[in-house]
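Residue-level listing of the chains:
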Amino acid sequence: MSSEVNATHITGDPDFVRIVEVGPRDGLQNESKLLSVEQKVHLIKGLIDAGVSYIEAGSFVSPKWAPQMASSAEVIQQLPERKDVVYAALTPNLKGMEAALQTQVNEVAVFTAASEAFNQRNINCSIQESIERFQPVFALAQERNIPVRGYVSCVLGCPYEGRIEISQVLKTTKLLLEAGCYEVSLGDTIGVGSTHQVANLLKALLSEIQSDRLAVHFHDTYGQALANIDTALNLGIRTVDASVAGLGGCPYAKGASGNVATEDVVYMLHGNGLKTNIDLNRLAMVGNEISALLARNNGSKAGLALSQAQSSQ
Ligand SMILES: CC(C)(COP(=O)([O-])OP(=O)([O-])OC[C@H]1O[C@@H](n2cnc3c(N)ncnc32)[C@H](O)[C@@H]1OP(=O)([O-])[O-])[C@@H](O)C(=O)NCCC(=O)NCCSC(=O)C[C@@](C)(O)CC(=O)[O-]
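This report concerns the structure included in the present document. Please read all numbers here as calculations on a predicted model, not as lab measurements.

With that out of the way, let us pick up a negative patch on the surface. A contiguous patch of negative charge, built from E116, E129, E132 and E161, is present on the exposed surface. Tracing the backbone shows E116 in helix 5 (residues 116-123). Residue classification places E116 among the partly exposed residues on the basis of a relative accessible area of 37%.

Below you can see the structure in the form of structure tokens.
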């Protein structure tokens, strides 16, 4: 199986950071208020207008397991056709992949965990079984020339097993890359990691895996996400997952709060001289709007500060 790196995210510019916007998927999947197809499409169009070019737009999982994602096919079909934007979706098995291929998704993602207990609760199978389930997904993806991204959850701790060995993260990440993922996103699903742990994990992984094949996916449960991202950037990682307004959490990880807010990440990156092609003011407006729609607090400090600054002008 081919494991070529997806050329779409290689810019060759070490100052460019690729943002994978997971708000419409990871963000919304945990919201109890169901949004309509139109509302989701509006959210995604707003993100595109703000310059976001990689959007995880939905998830082809069982609607019993993630009801908010049940409308993913309709949502993705109603998105504007854009050659400059990647629409991605989660596909946990062949059924999900077949459904995704009926839409205009141009990337898919498979997901497993470094924790057996979490994997059982999240996708109802062991880590090894999950890799086997992904085989037909990889086969179809290769046939259709669709890049496959991979996720490993619980890389810095598990809500059921506690501490997770680095060797387990390395093993699972390598399994995904060898199976056909062009990149693996390392998920601190419950946001428990801190900078030294992130550095230790990444140094171990980077001794065997190239930095352009890894991404980071931090939840901000303990307020560590930005510091952890900075640590990852300093070690050469250039793909960061984030969610507008800090939406999110995982329904199968009790207590997991939202993902790190995209606005906060972009503020930090631009402040540090790194580039994203994202218009922060426009992104902050999207964050405010979706927070109001969901009647939740905006989880982005940068988003709140920008809107306060604008309203006091
Ligand atoms: C994987 C399964 C389906 C296995 O679930 P299962 O029960 O083992 O599967 P099954 O094959 O026995 O099928 C059971 C039922 O689901 C249906 N089914 C089966 N597959 C599909 C599909 N693709 N799409 C739609 N329906 C499907 C299937 O047709 C059947 O329907 P029934 O006969 O009962 O009516 C289930 O466990 C599931 O959907 N889990 C998804 C849970 C989820 O969405 N979790 C959140 C995403 S992961 C995450 O957030 C973490 C991440 C990625 O962000 C990174 C991080 O933060 O760490």
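The discussion continues.
Residues in contact with the ligand amount to 28 residues; listed here are only the nearest, Q29, N122, N124, S153 and T189. Between an oxygen atom of the ligand and a side-chain N or O atom of D26, the distance comes to 3.2 Å. The separation between an oxygen atom of the ligand and a polar side-chain atom of K64 is 3.1 Å. When the ligand is considered free in solution it has 1100 Å² of accessible area, and contact with the protein chains removes 75% of it.

Taking burial as the measure, the 10 residues of helix 10 (residues 262-271) include 7 buried ones, the bulk of the element. Residues of helix 10 that are buried: T262, E263, D264, V265, V266, M268 and L269. Close packing links the buried residues of helix 10 with strand 1 (18-21), helix 9 (225-234), strand 8 (239-242), helix 11 (280-293) and helix 12 (301-311). Just beyond helix 10, the residue with positive phi is G273, at close to 85 degrees.

Inspection of the secondary structure assignment puts S300 in the loop between helix 11 and helix 12. Among the polar contacts made by the side chain of S300, one reaches the main-chain amide nitrogen of G303 at a distance of 2.8 Å. If we ignore the near neighbours within four places in the chain, the residues touching S300 are A245, A261, E263 and D264.

Our focus in this paragraph is the packing of aromatic side chains. Applying the stated criterion to the full structure yields 0 aromatic pairs. Lying over the aromatic face of Y54, R149 brings its terminal NZ or CZ to 5.9 Å of the ring centre. In this structure, R149 packs its charged tip against the face of Y151, placed 5.4 Å from the ring centre.

This paragraph deals with the packing of helix 10 against helix 11. For any two helices packed against each other, one specifies the inter-axial angle together with the distance between the axes. Interaxial distance between helix 10 and helix 11 falls to 9 Å at its minimum, and their mutual angle equals 165 degrees. For the element pair helix 10 / helix 11, the angle class is roughly antiparallel. In the packing of helix 10 onto helix 11, the handedness of the crossing is left-handed. Along the contact surface, helix 10 presents T262, E263, V266 and Y267, while helix 11 presents L280, L283, A284 and G287. For the contact of helix 10 with helix 11, the per-class residue count stands at 5 nonpolar, 2 polar and 1 charged.

Here is what the cut-offs are and how they apply
- Residues numbered from 1 in each chain as written.
- Predicted model: local features only at pLDDT ≥ 70, side-chain atom pairs only at ≥ 80, totals over all residues.
- Heavy atoms only, no water.
- Patch = residues over 30% accessible without salt bridge, like charges linked within 9 Å, V, L, I, M, F, W, Y side chains within 5 Å.
- Areas by Shrake-Rupley, 256 points an atom, 1.4 Å probe, with all protein chains shown as cover.
- Salt bridge = Lys/Arg side-chain N within 4 Å of Asp/Glu carboxyl O.
- Lys, Arg positive; Asp, Glu negative; His and termini not counted.
- Charge placed at Lys NZ, Arg CZ, Asp CG, Glu CD.
- Helix = DSSP H or I, 4+ residues; strand = E, 2+ residues; numbered from the N terminus.
- Buried < 20%, exposed > 50% of the residue type's maximum accessible area, 1.4 Å probe, protein only.
- Near = heavy atom within 4 Å.
- Polar contact = N/O pair within 3.5 Å; in protein donor to acceptor, adjacent residues only side chain to side chain.
- Contact = heavy atoms within 4.5 Å.
- Phe/Tyr/Trp six-rings, centres within 6.5 Å; stacked < 30°, edge-to-face > 60°.
- Lys NZ or Arg CZ within 6 Å of the ring centre and 35° of its normal.
- Axes fitted to C-alpha atoms, helices over the stretch in contact; angles between N-to-C directions.
- Parallel < 35°, antiparallel > 145°, perpendicular 65-115°, else oblique.
- Left-handed = near helix turned anticlockwise from the far one by under 90°.
- Nonpolar A, V, L, I, M, F, W, Y, C, P; charged D, E, K, R; others polar.

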